[in-house]
Amino acid sequence: MNRIYILLLVVCFATACKKDNYLVFNEVDRLQFGPVPEKIYLPQSAMEDTLKAYTFLTQPISRVRDTMYFDLYTMGNVSKVDRLYKIEQELVKGAGNAEPGLHYVPFNDPAVRNLYTIPANSNHVKVPVILLKDASLQTAKYTLKLKVSENENFKTGDVRKTWRKLIIADILIKPAAWNDRVLGTYSQVKHRFMIQQTGLDWDQAYIVSVNSDVTLTYYWQAKFRELLYNYNNDPDNEDGPLTDEFEKEVTF
């Protein structure tokens, strides 16, 4: 009987450890990114939101700055006091890297430094990335890779989860949630057609909402095929079938 009881304890302990990947106490306070809180214990969601895309093009023309957020978690003790954490940019080889002060507010800027704080009695925070609208974004997209760095309060967690990447532009860019299987190969021409024909932004947030509803997903696929057919066969259309910037015919 004792052997069975001990075996059950071992199994329960092992199961709990596997579930609680983000809040394990290991004598050192650490930080790492993760999915939204409601998905924190779902293994398939562990690497969600590693890449986000933002374009000022779909925003009001007067908007010159905006904020994107990433979820960050502590591992270790929950403190009774606020604790500053450290975020830095990591340059991406071969990419057009975002420039601090031009494309985003530097994380160590005194005006925003206190925003990067884990509140007292909390193990989760949303990391703000303040984006700036610059003329250079109208001709190219820029990559901002941010990473958690050690400071006096925290060490880093799982190396696979210490970074996030953000694409910034003021032109149409492929949203990270773009579904090739439903919408086909991405192009700016196709993206602009979708926006013009529906009056919707078709940005990251909207595509995520569509992807979460299978019925809506296939409704839009059928609708775009209908809209494209009507466009291509419009007697007033003198340009023929819609082609993209790669000189390929647009399809859905």
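As a convention, each chain's residues are numbered from 1 in the sequence order in which they are written. Local features in this predicted model are restricted to residues whose pLDDT is 70 or higher, and side-chain atom pairs enter the listing and the counts only when it is 80 or higher, whereas totals over whole chains, interfaces and linings include all residues. Excluding hydrogens and water, the side-chain figures rest on all heavy atoms present in the structure.

A. Local environment of the overall build of the protein. Where helices and strands are cited, they refer to DSSP runs of H or I of at least four residues and of E of at least two residues respectively, numbered from the N terminus. For the protein, the count of helices and strands is 5 helices and 10 strands. Summed over all atoms, the accessible surface of the protein reaches about 14800 Å², with 54% contributed by carbon and sulfur. Per-residue accessibility takes into account occlusion by the displayed protein chains alone, with areas from the Shrake-Rupley method and a 1.4 Å probe.

B. How the structure looks around the confidence of the model for the protein. Each residue gets a pLDDT score, which is the predictor's confidence in that residue and runs from 0 to 100. On average, residues of the protein score 89 in pLDDT, and 89% of them are at 70 or above. Residues count as neighbours in contact if any of their non-hydrogen atoms are within 4.5 Å of one another. Below pLDDT 50 for its whole length, residues 4-20 participates in 2 contacts with residues either more than four positions away or in separate chains.

C. Examining the nonpolar core more closely. Side-chain atoms within 4.5 Å link the members of a nonpolar core, which is a set of buried Ala, Val, Leu, Ile, Met, Phe, Trp, Tyr and Cys residues. Under the scheme applied here, a residue whose accessible area is under 20% of the maximum for its type counts as buried, over 50% as exposed, and between as partly exposed, the area being computed with a 1.4 Å probe on protein chains only. Counting residues in hydrophobic clusters, the biggest one holds 30 residues, and the most contacted among them are Tyr85, Ile87, Leu131 and Leu144. The set of elements that each furnish at least two residues to this core consists of strand 1 (30-33), strand 3 (65-75), strand 7 (124-132), strand 8 (142-149) and strand 10 (163-169). Among the elements that make up this core, the one with the highest residue count is strand 7 (6 residues). For Tyr85, the residues in contact, after removing those within four places along its chain, are Leu31, Leu72, Arg113, Leu115, Tyr116, Thr117, Ile118, Val125, Val127, Pro128, Asn151 and Phe154. With 19 residues, the next largest nonpolar core counts Met194, Trp202, Phe224 and Leu227 among its residues.

D. View of a negative patch on the surface. Residues Asp234, Asp236, Glu238 and Asp239 make up a contiguous surface patch of negative charge. Mapped onto the secondary structure, Asp234 falls in the segment after helix 5 (214-232). In this analysis, a patch consists of residues with relative accessible area above 30% that form no salt bridge, clustered at 9 Å for like charges and at 5 Å for the nonpolar side chains Val, Leu, Ile, Met, Phe, Trp and Tyr. Salt bridges are defined by distance alone: a side-chain nitrogen of Lys or Arg within 4 Å of a carboxyl oxygen of Asp or Glu. Positive residues here are Lys and Arg, negative ones are Asp and Glu, while His and the chain termini are left out of the count. Lys charges are placed at NZ, Arg charges at CZ, Asp charges at CG and Glu charges at CD.

E. Highlighting the packing of aromatic side chains. Two rings from Phe, Tyr or Trp (for Trp, the six-membered ring) form a pair when their centres are within 6.5 Å of each other. A pair whose planes differ by under 30 degrees is stacked, one over 60 is edge-to-face, and the rest are tilted. Scanning all chains against the criterion turns up 14 aromatic pairs. Considering the side-chain rings of Phe193 and Tyr231, the 5.7 Å spacing of their centres and the 80° angle between planes classify their relative orientation as edge-to-face. Taken together, the residues Phe193 in helix 3 (residues 188-198) and Tyr231 in helix 5 connect sequence positions 38 residues apart. The class for Phe193 is buried, based on a relative accessible area of 4%. A network of ring pairs unites the aromatic residues Phe193, Trp202, Tyr206, Tyr219, Trp220, Phe224, Tyr231 and Phe252 as a single cluster.

F. Structural view of the side chain of Lys145. The residue Lys145 is located in strand 8 in this model. Lys145 sits in the buried class, given a relative accessible area of 17%. The contact partners of Lys145, leaving out residues within four places of it in the chain, are Glu88, Gln89, Glu90, Val92, Trp163, Arg164 and Lys165.

G. Region of the structure containing the environment of Glu90. Position of Glu90 relative to the elements: it lies in the loop between strand 5 (86-89) and strand 6 (117-118). Setting aside its immediate chain neighbours within four residues, Glu90 contacts Asn97, Lys145 and Lys147.

H. Fine view of the pattern of salt bridges. Scanning the model with the defined rule gives 10 salt bridges in all. For Glu90, the salt bridge is made with Lys145, and the minimal N-O distance between the two is 3.5 Å. Of this pair, Glu90 sits in the loop between strand 5 and strand 6 while Lys145 sits in strand 8, and the two are 55 residues apart along the sequence. Note that Asp158 and Arg160 form a salt bridge whose closest N and O atoms lie 2.6 Å from each other. Judged by its relative accessible area of 23%, Asp158 is partly exposed. Judged by its relative accessible area of 51%, Arg160 is exposed.

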